[in-house]
Structure formats: C-alpha cells, structure tokens
Amino acid sequence: MLNRQVRVFVFRSQTAMDNHNYLGAIYDGRQALSLDPGNALMKSRLALALDGQGYDRFSEKDLAGAADYFQQVLLGSPNAPVLQQNLVNAEAQIRILAQETARHKADMRKIAAQDFAQF
C-alpha cells in the first residue's frame with residue numbers, strides 16, 4: 001500500500017512539473033518523501049521544483065521569496081554549483097535593491113529638507 005501511495009505522489013509531482021506548477025510539485029514531492037525518505041528520484045525532482053519556484057519568484061522580482069526557495073534547494077543538494085549560483089544571484093539582487101532603496105530615501109530626505117528650508 002505504501003509503495004502505491006509513493007508512486008501516486010511521484011506521478012502527481014511529475015505531472016505538476018510538466019505543467020510548471022512548481023508549488024504542486026513541491027507539495028507532492030514532500031508527501032512522497034514523507035512516506036519514502038530515501039527516494040532519490042523524488043529528492044531530485046523536489047530540488048528541481050524548488051529551483052523552478054525560486055526562479056519564478058526571481059522573475060517576478062520577489063527576491064526574498066526566490067532566496068528562500070533556493071536555500072531550500074541547497075538543503076537537499078548542497079553540492080550543486082548551478083543551484084548555489086541561483087542563491088548567490090538572488091542575494092546579490094537583494095543587496096543591490098537595498099542599496100538603491102537607501103539612496104532613494106536619502107535623496108528624498110534631502111529634497112524634503114530643501115523644500116522645508118524654503119518656508
């Protein structure tokens with residue numbers, strides 16, 4: 001019975017991946033691994049689903065969400081250079097965005113101070 005349940009989750013996960021439904025693939029992958037923690041195929045598919053969801057988050061400018069998914073991938077695949085680079089890219093974009101935000105706030109404070117000085 002357990003083997004059948006695992007196969008169902010593996011199949012559903014692959015179908016979700018084929019349809020770029022990474023959240024569905026992640027859910028089904030985790031269900032399969034909860035029943036069969038040593039399933040190497042499912043671990044690999046789960047890593048791909050997490051990476052796919054991270055890439056989607058990155059593409060939609062949700063950099064913190066992307067970094068979170070990329071970190072989850074690395075928990076299961078710590079020696080994958082491409083996956084490590086995805087996390088590095090997301091974290092670099094977060095730093096750039098933080099710097100741009102800080103510059104923008106400083107500029108706005110200067111403008112506000114100049115406008116206030118005119119009164």
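Residues numbered from 1 in each chain as written. Predicted model: local features only at pLDDT ≥ 70, side-chain atom pairs only at ≥ 80, totals over all residues. Heavy atoms only, no water.

Draft legend 1. Region of the structure containing unusual backbone geometry. Its identity as a non-glycine residue notwithstanding, His20 has a phi of 60°, on the positive side. Positionally, His20 belongs in the loop between helix H1 (2-18) and helix H2 (22-35). One non-glycine residue, Lys61, adopts positive backbone phi at about 65°. Locating Lys61 in the fold gives a position in the loop between helix H3 (40-59) and helix H4 (63-76). A relative accessible area of 68% places Lys61 in the exposed class. (Helix = DSSP H or I, 4+ residues; strand = E, 2+ residues; numbered from the N terminus. Buried < 20%, exposed > 50% of the residue type's maximum accessible area, 1.4 Å probe, protein only.)

Draft legend 2. Seen up close, the packing of H1 against H3. In contact at an axis separation of 11 Å, H1 and H3 are set at 30° when each is read in the N-to-C sense. The angle between the axes of H1 and H3 places the two elements in the roughly parallel class. For the element pair H1 and H3, the recorded crossing hand is left-handed. On H3, the residues touching Val10, Ser13, Gln14 and Met17 of H1 are Leu41, Met42, Arg45, Leu48 and Ala49. A per-class count over the contact of H1 with H3 returns six nonpolar, two polar and one charged. (Axes fitted to C-alpha atoms, helices over the stretch in contact; angles between N-to-C directions. Parallel < 35°, antiparallel > 145°, perpendicular 65-115°, else oblique. Left-handed = near helix turned anticlockwise from the far one by under 90°. Contact = heavy atoms within 4.5 Å. Nonpolar A, V, L, I, M, F, W, Y, C, P; charged D, E, K, R; others polar.)

Draft legend 3. Region of interest: the nonpolar core. Formed by 25 residues in total, the largest nonpolar core has its most connected members in Ile26 and Leu50. Put simply, the parts of the chain that give this core at least two residues each are H1, H2, H3, H4 and helix H5 (81-117). For this core, the element with the highest residue contribution is H4, accounting for six residues. Every residue in contact with Ile26, bar those within four places of it in the chain, is listed here: Leu46, Ala49, Leu50, Gln53 and Tyr69. (Core = buried A, V, L, I, M, F, W, Y, C linked by side-chain atoms within 4.5 Å.)

Draft legend 4. Representation of the environment of Asn89 within the structure. One can find Asn89 in helix H5. Considering only alpha carbons, one finds Asn89 and Ala66, 23 residues apart in sequence, at a separation of 9.8 Å. Of note is the side chain of Asn89, whose polar atom sits 2.8 Å from the side chain of Gln85. (Polar contact = N/O pair within 3.5 Å; in protein donor to acceptor, adjacent residues only side chain to side chain.)

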